[in-house]
Amino acid sequence: MLNRFTADYLDTLANADFRPTPKVAGRLSSYDGLLMEAIGLTLPVGTVCRVGDQVEAEVIGFRNGRTILMNLGGPAPLLPKTCVRPVGPPGEAEVGEALLGRVVDGAGKPIDGLGPIRGADRWPLAGKLQGPLDRGRVLEPLDVGVRAINGLLTVGQGQRIGIMAGSGVGKSVLLGMMVRAAKADVVVIGLIGERSREVADFLDTKVAGEARARSVVVAVPANHSPVLRIRGALRTHAIAEAFRAQGKRVLLIMDSLTRVAHAGREIGLALGEPASARGYPPSAIAMLPNLIERAGADAHGTGSITAIYTVLADGDDGNDPVVDSARSILDGHIVLSRALAERGVYPAIDVGPSVSRVMTDIVPKGHQLAARQLRRHLATYEENRDLVLMGAYRAGADAAIDAAIAHHGAITDYVRQDHDEVVSLDTATAELVAVFGQ
């Protein structure tokens, strides 16, 4: 036995291809509860490391010859000179059919109690770079089951659109309505930076039944590390990209894009970046187009990613840096009005400032004209609303105002919809043309 072991060992050493593989390790030199600094390590940004026995951290930068890491978990009882070892290469996500019906966290670990995910494929977290000509045009509408959106803000397959509103105006409810009714092959949902209670509520009430079987959920609550929140957003897009490469129509929903920017702000400020627009460092805002541009249609196949992002307007400010940046990149935006919500109009879609930039390419002419007519009546009514409510306007003085007043009830009824009601694209179009068509 000993002779055989010795012979095998010597044969291994004699092999010309044998190369000893050193184990890279460093030592923890500082830790302030958020950032860690390690010495003796040279690793690429994005590498996941194990600090001590349990704590995981990700490399996010370098400073004065030291490697800077950010904790991926909660408080850690670490000591100076704790061993730091790399445990995984940067930038890979588990993707594919094995994830359907599953819920994972920002690190890709299942959190739904259904056991490990087996048979998944791999996809780069940062995505596969595409040129402008690799993106297809948006030419087909996507039925989302919401009357006001189908009729007035028609969404196309491969479009990127934002839902912009302050807190508590109904963004999550509107998302749930779209998830249940959307005519998509796969729904990929990223719940980034939301309350833990909302994650469970969203899964139980808005992604239940048939919708759950064709959905993949990436949930990273607000109390998780900012690095995990950003990795959750990247993972959500990587999963959607892999399904698009298979030729599937994917609906990607992220709630919310603002929380991703907040995570970028935390990391940027911790690294010493100067705060510019309302406390956001440049890297936090520059991250948004890199994320949003990953969605869209594939010019060389049948797959598409239709992306819907919620954007939280801090203090209901439409000029918030994140809102303004997202609006300039997206292919349309849906604005929710707190005033409409206070009047009991749900979904509280403010049709005036909302727009779908691809609607003219995907709906027939009669549909376009009816939508424009509704918008004209609504704009005229809002401009003269105070006069009408005060009784200062005399009927017959202006034909446009008379028509706007006569149609205002029909406009409100068209926008209003119960959260459990589904209105198809054909039905929404027929109702719109019947009332406002010429």
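For clarity, every value in this text was computed on a predicted model and none was experimentally measured. (Residues numbered from 1 in each chain as written. Predicted model: local features only at pLDDT ≥ 70, side-chain atom pairs only at ≥ 80, totals over all residues. Heavy atoms only, no water.)

Novice: Please set out the environment of Met177 residue by residue, giving values where relevant.
Specialist: On the secondary structure map, Met177 appears in helix α3 (residues 171-181). Placed 33 residues apart in sequence, Met177 and Val144 show a C-alpha to C-alpha distance of 7.9 Å. Non-local contacts of Met177, meaning those with residues more than four positions away in its chain, are made with Val144, Val146, Gln417, Asp418, His419 and Glu421. (Helix = DSSP H or I, 4+ residues; strand = E, 2+ residues; numbered from the N terminus. Contact = heavy atoms within 4.5 Å.)

Novice: Provide a residue-level description of the sheet that holds strand β1 (residues 26-31), including the pertinent values.
Specialist: One closed barrel holds the 6 strands; their spatial order is β1-β2-β5-β4-β3-β6, and the pairing between them is antiparallel. Averaged over all adjacent pairs, the angle separating strand axes in this sheet is 45°, with direction ignored. As paired elements, β1 and strand β2 (residues 35-39) share 4 bridges and run antiparallel to each other. Bridge assignment links Tyr31 to a residue of β2, and that residue is Met36. (Pairing = 2+ DSSP bridges. Axes fitted to C-alpha atoms, helices over the stretch in contact; angles between N-to-C directions.)

Novice: Residues and numbers for the nonpolar core, please.
Specialist: Membership of the largest hydrophobic core comes to 57 residues, with the highest contact counts inside it found for Ile149 and Ile349. Top element by residues in this core is α3. It accounts for 5 residues. Split by domain, the residues of this core number at least three in each of domain 2 (92-360) and domain 3 (367-437). Discounting chain neighbours no more than four positions away, the residues touching Ile349 are Ala148, Ile149, Leu153, Ile334, Val335, Leu336, Leu340, Ser354 and Val415. Val48, Ile68, Val186 and Ala238 belong to the second largest nonpolar core, which has 55 residues in total. (Core = buried A, V, L, I, M, F, W, Y, C linked by side-chain atoms within 4.5 Å. Buried < 20%, exposed > 50% of the residue type's maximum accessible area, 1.4 Å probe, protein only. Domains from an automatic or database assignment.)

The values are spatial; any link to function lies outside them.
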